[in-house]
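Summary of structural features
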Amino acid sequence: MREIQFREALREAMVEEMRLDPKVFLMGEEVAEYNGAYKVSQGMLDEFGPERVWDTPIAELGFAGIGVGAAINGLRPIIEFMTFNFSLVAIDQVINSAAKVMSMSGGQYSCPIVFRGPTGNAGMLSSQHSQNFENWFANTPGLKVVVPSNPADAKGLLKSCIRDNDPVIFMESELMYGDKGPVPEDEYLIPIGQAKVVREGTDVTIVSFGKIMKVALAAADELTKNGVSAEVIDLRTVRPIDYATIINSVKKTNRCVIVEEAWPLAAISSELTYNIQRNAFDYLDAPVVRVNSLDLPLPYAPTLIEVILPNVKKTLQAVETVMYKK
């Protein structure tokens, strides 16, 4: 194991897969000459050349479509969106082409493509650059949606996504690119669709994913100081969802809090809440409580951002609610 940054873990995953498979290539805005907007693709142009690391115009609909066409014809593109807020310009290619080509062709064509880039807020970037669309994409049959929370998972999951024969949405965070964490030196893959119990506990289950795992783990640390044992689950994948791991945990702890950055209506947390009450109702000692962002566009002012986003304080209050301490 060695400590590397999140961006380095992503780069290693792409480089290793491109070395193994000449059909894999990277395409997006500033991924080549500029070494990536967030330096994720640093040095890749030098190694693989302009035929496999492509700079594109500011035209997400165009280069997403090129990627889909390339995937249908046997290549394995990695399409980088500078932010998933910009994927809205290309959403027709993602939803109506990539996700549906397998079913609409009667199984004659697959679309092995990875759309990756940052999701959610990244500080004072205001409303149009701070949105979470994990639930949007996860609501689409034919897509897989992966949201890693640490460098090791980022590498292992991205390698699996690149090898997968289905289109995958791989969502990162600008606020995590500089995070360091232990990453195995040997090659490894993390299966798509497996959640991880990152912390064992007995009193309450806290479920989250992506960068909000930091909130969940920090809240668990605070709860420990007060004698509350929290089990923390990292979803890692939001389509498919590993319901079994969550249900088994809730059957043990009898309480659940779900922490998610997205807006509350039709969120991933909504789906989890339904499945928990559907499959573990008799084990619940309290209704499931969700901690989401407020149902508002994210403003620019940092004081308002703090009010709107999930945080440790709100998570602790949610735990108090399910434990009837409030």
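Read on for a plain summary of the structure. Since the model is a prediction, treat every value here as computed from it, not as a measurement.

1. Comments concerning the packing of helix H3 (residues 60–72) against helix H4 (residues 91–98)
Between two packed helices, what matters for the description is the angle formed by their axes and the separation of those axes. Where H3 meets H4, the axes come as close as 8 Å, and the angle between the chain directions of the two elements is 25°. Our classification of the angle between H3 and H4 gives roughly parallel. Counted together, Leu61, Ala64, Gly65 and Val68 of H3 and Gln93, Ser97 and Ala98 of H4 form the full contact between these two elements. When the residues that make up the contact of H3 with H4 are grouped by side-chain class, the tally is 4 nonpolar, 3 polar and no charged.

2. Structural notes on the sheet that holds strand E3 (residues 53–55)
Overall, mixed pairing links the 7 strands, which are arranged E3-E2-E4-E5-E7-E6-E12 in an open sheet. Bordering the open sheet on either side are E3 and strand E12 (237–239), each of which pairs with just one other strand. Strand-to-strand, the axes of this sheet are offset by a mean angle of 20°, without reference to chain direction. In terms of strand pairing, strand E2 (residues 24–28) meets strand E4 (residues 76–80) through 5 bridges, oriented parallel. By the bridge assignment, Leu26 is partnered in E4 with Ile78.

3. With respect to unusual backbone geometry
Look at the link from Arg239 to Pro240: it is a cis peptide, with omega at 0°. In this fold, Pro240 is placed in the loop between E12 and helix H9 (243–253). For Arg236, which is not glycine, the phi torsion reads 65° and is therefore positive. As for its position among the elements, Arg236 is in the loop between strand E11 (230–234) and E12. By relative accessible area, which is 7% here, Arg236 ends up buried. In this structure, Asn254 takes a positive phi of about 70° despite not being glycine. Position of Asn254 among the secondary structure elements: in the loop between H9 and strand E13 (256–259).

Thresholds applied
Residues numbered from 1 in each chain as written. Predicted model: local features only at pLDDT ≥ 70, side-chain atom pairs only at ≥ 80, totals over all residues. Heavy atoms only, no water. Axes fitted to C-alpha atoms, helices over the stretch in contact; angles between N-to-C directions. Helix = DSSP H or I, 4+ residues; strand = E, 2+ residues; numbered from the N terminus. Parallel < 35°, antiparallel > 145°, perpendicular 65-115°, else oblique. Contact = heavy atoms within 4.5 Å. Nonpolar A, V, L, I, M, F, W, Y, C, P; charged D, E, K, R; others polar. Pairing = 2+ DSSP bridges. Buried < 20%, exposed > 50% of the residue type's maximum accessible area, 1.4 Å probe, protein only.

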